[in-house]
Amino acid sequence: MDPALLREREAFKKKALATPSIEKKKKDDSQFKDESKKKSKSSSSVSSQPKLDATNYKTMTGSSSYRFGVLARIVRHMRARHQDGDDHPLTLDEVLDETNQLDVGSKVKQWLQSEALQNNPKIECTPDGKYNFKPVYKIKDKKSLLRLLKQHDLKGLGGILLEDVQESLPHCDRALKNLAQEILYITRPTDKKKILFYNDKTATMDVDEEFVKLWRATAVDAMDDAKIEEYLEKQGIKSMQDHGPRKPIAPKRKKASQKRRQFKKPRDNEHLADVLETYEDNTLTQKGVSIK
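Remember, it's a predicted structure, so these values are computed and weren't measured experimentally. (Residues numbered from 1 in each chain as written. Predicted model: local features only at pLDDT ≥ 70, side-chain atom pairs only at ≥ 80, totals over all residues. Heavy atoms only, no water.)

Novice: So what's going on with the confidence of the model for the chain? Which residues, and what values?
Specialist: Averaged over every residue, the pLDDT of the chain is 76; the share at 70 or more is 67%. Contacts for the low-pLDDT stretch residues 45–62, under 50 throughout, to residues beyond four places or in other chains number 10 contacts. (pLDDT = per-residue confidence, 0-100. Contact = heavy atoms within 4.5 Å.)

In structure tokens, the structure reads:
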């Protein structure tokens, strides 16, 4: 071996021993491992959840407001079709196509077909699985509307709401315009809704103008029946006492009689009440006369 290399090696050892050295301890990586595991778990849980984007946000579970929005849109479209005169039923896919809702998910379709449309009071399901609008009244033209009003008038059922007629009758404005002379409109004071009545011209009568003036001049809006009856009694008029609804009178129950029951004697042989019969000597005694 070259002596020059040996000298260099010895010099390097001496120099290494002369310079101080610091020993580095190994770090405990268990804490970092736990943290990395937690991060990986959280990231995996987040990645497992469905991401909210434009393609799957409609099919996510729990979106009840979206489902009922789809149902309300269908009901509005079916009502508009019926009012326009389109009464042929449609399948669910056709309804979704006409309402531009073909991108709904399979769960929403299943809910519409099995539950929502079946139980909706405004939707009628046909035996072949199609759907149509279900109006309040089955009327198709002005003749059927006039017939319905006459039946209500004859049976004393009152009037029909204008909004129900508008919902049930196709081209309602045209029919109401043609029947202007046959219909009376009354505005309900509670909610300001218009009610339709049949104008029965056979019940019209001519009233003297003086009675009309008196009727219109008398204001009884702020008076109830009790005050009106009191006023009429002061004026000597008692024609209202038999009018108005009567309160049902409960029948009085008869009290149970507390008399003691008397024992009735038998009525057999009453015609022999004055005859005393003895069997000792086989004689009958009647009014002091004894007969053997």
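We are not done yet, so read on.
Novice: Run through the environment of Trp-111, naming residues and quoting values.
Specialist: Mapped onto the fold, Trp-111 is located in helix α5 (residues 106–119). Taking relative accessible area as the criterion, Trp-111 reaches 10% and is therefore assigned buried. Along the chain, Trp-111 and Leu-71 lie 40 residues apart, while their C-alpha atoms are 10.0 Å from each other. Those residues in contact with Trp-111 that lie beyond four places of it in its chain are Arg-67, Phe-68, Leu-71 and Ala-116. (Helix = DSSP H or I, 4+ residues; strand = E, 2+ residues; numbered from the N terminus. Buried < 20%, exposed > 50% of the residue type's maximum accessible area, 1.4 Å probe, protein only.)

Novice: With reference to specific residues and values, describe a nonpolar patch on the surface.
Specialist: Together, Met-205, Val-207 and Phe-211 make up a nonpolar patch on the protein surface, roughly 370 Å² of accessible area in all. Within the secondary structure, Phe-211 is located in helix α9 (residues 209–217). (Patch = residues over 30% accessible without salt bridge, like charges linked within 9 Å, V, L, I, M, F, W, Y side chains within 5 Å. Areas by Shrake-Rupley, 256 points an atom, 1.4 Å probe, with all protein chains shown as cover. Salt bridge = Lys/Arg side-chain N within 4 Å of Asp/Glu carboxyl O.)

Novice: For the sheet that holds strand β3 (residues 160–161), give the residues involved together with the corresponding values.
Specialist: Whether parallel or antiparallel, the strands of a sheet pair through hydrogen bonds between backbone atoms. Taking strand neighbours across the sheet as the criterion, the 3 strands line up as β3-β5-β4 in an open arrangement whose pairing is antiparallel. With partners counted over all chains shown, the strands left at the sheet margins are β3 and β4 (183–187), one partner each. Each of β3, β4 and β5 (194–198) touches helix α6 (residues 142–155); the most contacted strand, β5, lies at about 85 degrees to it. (Pairing = 2+ DSSP bridges. Axes fitted to C-alpha atoms, helices over the stretch in contact; angles between N-to-C directions.)

Novice: Provide a residue-level description of the packing of helix α3 (residues 64–83) against α5, including the pertinent values.
Specialist: In contact at an axis separation of 11 Å, α3 and α5 are set at 60 degrees when each is read in the N-to-C sense. The orientation of α3 relative to α5 falls into the category oblique. For the element pair α3 and α5, the recorded crossing hand is right-handed. Contacts between α3 and α5 involve Tyr-66, Arg-67, Phe-68, Val-70, Leu-71 and Ile-74 from the former and Val-108, Trp-111, Leu-112, Ala-116 and Leu-117 from the latter. Per-class residue counts for the contact of α3 with α5 are 10 nonpolar, no polar and 1 charged. (Parallel < 35°, antiparallel > 145°, perpendicular 65-115°, else oblique. Left-handed = near helix turned anticlockwise from the far one by under 90°. Nonpolar A, V, L, I, M, F, W, Y, C, P; charged D, E, K, R; others polar.)

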